[in-house]
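Observations on the three-dimensional arrangement
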Amino acid sequence: MDDYDLITRNAEEVVTEEEVEDLAADPEGKRAYVGYEPSGVLHVGHLLTANKLIDLQEAGMDVVVLLADVHAYLNGKGTFEEIRETAEQMREQFLAYGLDAEQTEFVYGSEYQLDEDFVLDVHQMELSTSLNRAQRAMAELQGGDTAKVSHLVYPLMQALDIEYLDVDLAVGGLDQRKVHMLAREELPDLDYDVRPALHTPIIADLTTGEGKMASSAGVTISMEDSADELEDKINSAYCPPTADPEPTEDGVERENPVLELFQYHVFPRFDAVTVERPDEYGGNVTYEDYEELAEALENGELHPADAKGTLAAYLDDLIAPGRERLDELRA
Ligand SMILES: N[C@@H](Cc1ccc(O)cc1)C(=O)O
């Protein structure tokens, strides 16, 4: 795989391809970042962007993880002290999950976002950004309650992070795209450069295949799950024998979340996936890549129940080090 393919694999959107091609021509030492509102325990959404960061490290890039304590505060996630405590736990889980300690810089937002130059830049951006524009940028990130003034400041600060962290690439889930678009529009007004962005997909709801797997509602997978819990959750997942399920009767799009988890979580981290089956059910079988596995499910060679059992076991492998670290921290 060449560097461009590695940098962009599994990305749902690349903004712009040309800019990322330039970056991929010489990725060594270039900086990429993801920001996270500290929330204690990592879940599947964090791990998906972390997988992308691991790809970028493999391509030679340096990675900045922003522990966005001020953003979490603006989004009503608790007192500043509470937020900072959960941020420390997150750092530990990311390292246990497989981010390279040498190539990862963890930065708290509060280390620079309260400095005069940053605050004045925020205010300058407030002057040039309409209320409507800021609100649209925030719409997908905020819980749906009435927007507060803090929710309008939030995306402006996120846009400025790209400049202040001096990164060459912004990474986030697809829900960050509006903020990244705002950054592309607004940063030049402050004489700052536009930087490219990569957006990872959002996994569908585990039990229905509809909408998004959310950390707040429905079933999610997190660093806290025991092997048994993982097995239960995956066993009850929606998994028709196709990568492209029919929409519901009401016309709601559906995905196959079991296949999505194989594609975005398992295959990026393992060279191959082995399904263990008794001989009477066809014996063990190894898939070298996601497409091979998806095809086997589609044509009936792989039963959804076997796919699920295998998925749960691989996810458990991925989660176990972070789960142990959490246990140690809490002991
Ligand atoms: N908006 C991100 C968090 C974030 C904050 C600041 C940033 O610079 C980047 C990301 C989220 O929804 O979790």
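It should be emphasised that the depicted structure is a prediction, and the values quoted were computed from it without experimental measurement.

A short note on helix 2 (residues 17-24)
Among all positions of helix 2, only V20, L23 and A24 are buried. All buried residues of helix 2 lie within an arc of 95° about the axis, which places them on one face of the element. Seen from the open side of helix 2, the exposed residues pointing more than 90 degrees away from its buried face are E18 and D22. For helix 2, the elements touching its buried residues are helix 1 (3-8), strand 1 (13-15) and strand 5 (169-173).

So, the site of the ligand
Taken together, Y33, G35, E37, L66, A68, H71, L141, Y154, Q158, D161 and Q176 form the complete shell of residues around the ligand. Contact distances for the ligand include 2.9 Å between a nitrogen atom and a side-chain N or O atom of Q158. In the model, a nitrogen atom of the ligand is placed 2.9 Å from a nitrogen or oxygen of the Q176 side chain. Against a free-state accessible area of 340 Å², the protein chains account for coverage of 89% of the ligand. Breaking the shell around the ligand down by element, the ones donating at least two residues are strand 2 (31-36) and helix 8 (149-164). When residues in the shell around the ligand are grouped by element, the largest group, three residues, is from helix 8. Its residues placed into classes, the shell around the ligand shows five nonpolar, four polar and two charged.

Describing the pattern of salt bridges
Counting across every chain of the model gives 16 salt bridges. The partner of E185 in a salt bridge is R133, and the shortest N-O contact between them spans 2.9 Å. Of this pair, E185 sits in helix 9 (residues 177-186) while R133 is found in helix 7 (residues 131-138), placing the two residues 52 residues apart along the sequence. For E185, a relative accessible area of 43% corresponds to the partly exposed category. Judged by relative accessible area, which is 11%, R133 ranks as buried.

So, the domain arrangement of the protein chain
If you check the domain split of the protein chain, you get domain 1 (3-200) and domain 2 (227-330). Spacing between the C-alpha centres of domain 1 and domain 2 amounts to 29 Å. Regarding the contact of domain 1 and domain 2, the summed buried area is about 1300 Å², with carbon and sulfur atoms giving 58% of it. Summed over the shared surface of domain 1 and domain 2, the result is one salt bridge. One salt bridge connects E92 with R325, and the closest N-O pair in it is separated by 2.8 Å. Run the count over domain 1 and domain 2 and you get five residue pairs in polar contact (both at pLDDT 80 or more). Of all the secondary-structure elements, those providing two or more residues to the side of domain 1 that touches domain 2 are helix 3 (44-58) and helix 5 (80-97). In terms of residue class, the side of domain 1 that touches domain 2 is built from seven nonpolar, five polar and two charged.

Description of the nonpolar core
Residues V65, L169, I221, L261, F262 and L315 are the most contacted members of the largest nonpolar core, which totals 67 residues. No other element matches the eight residues that helix 13 (residues 304-330) contributes to this core. Here this core gathers at least three residues from each of two domains, domain 1 (3-200) and domain 2 (227-330). Not counting chain neighbours up to four residues away, the residues in contact with I221 comprise H43, V44, L206, M213, L230, K233, I234, L261, L315 and I319. Core analysis: the second largest hydrophobic core is formed by 31 residues, V64, A137, L165 and A197 among them.

So, the packing of aromatic side chains
Inspection of the entire model under this criterion finds seven aromatic pairs. For the ring pair Y36 and F94, a centre distance of 4.8 Å and an interplane angle of 40° mean the geometry is tilted. Pair noted here: Y36 is in strand 2 and F94 is in helix 5, with a separation of 58 residues, a long-range link. Judged by centre distance (5.5 Å) and plane angle (80°), the ring pair of Y112 and F118 falls under edge-to-face. Look at Y112 and you get buried, because its relative accessible area is 11%. Ring pairs connect the aromatic residues Y112, F118 and Y164, which therefore count as one cluster. Across from the ring centre of Y108, 4.1 Å away, lies the NZ or CZ of R84, which sits over that ring. The ring of Y97 carries the charged tip of R269 above its face, separated from the ring centre by 4.6 Å.

Cut-offs and rules
Residues numbered from 1 in each chain as written. Predicted model: local features only at pLDDT ≥ 70, side-chain atom pairs only at ≥ 80, totals over all residues. Heavy atoms only, no water. Buried < 20%, exposed > 50% of the residue type's maximum accessible area, 1.4 Å probe, protein only. Helix = DSSP H or I, 4+ residues; strand = E, 2+ residues; numbered from the N terminus. Arc of directions from axis to C-beta. Contact = heavy atoms within 4.5 Å. Near = heavy atom within 4 Å. Polar contact = N/O pair within 3.5 Å; in protein donor to acceptor, adjacent residues only side chain to side chain. Areas by Shrake-Rupley, 256 points an atom, 1.4 Å probe, with all protein chains shown as cover. Nonpolar A, V, L, I, M, F, W, Y, C, P; charged D, E, K, R; others polar. Salt bridge = Lys/Arg side-chain N within 4 Å of Asp/Glu carboxyl O. Domains from an automatic or database assignment. Buried area = accessible area lost by both parts, 1.4 Å probe. Core = buried A, V, L, I, M, F, W, Y, C linked by side-chain atoms within 4.5 Å. Phe/Tyr/Trp six-rings, centres within 6.5 Å; stacked < 30°, edge-to-face > 60°. Lys NZ or Arg CZ within 6 Å of the ring centre and 35° of its normal.

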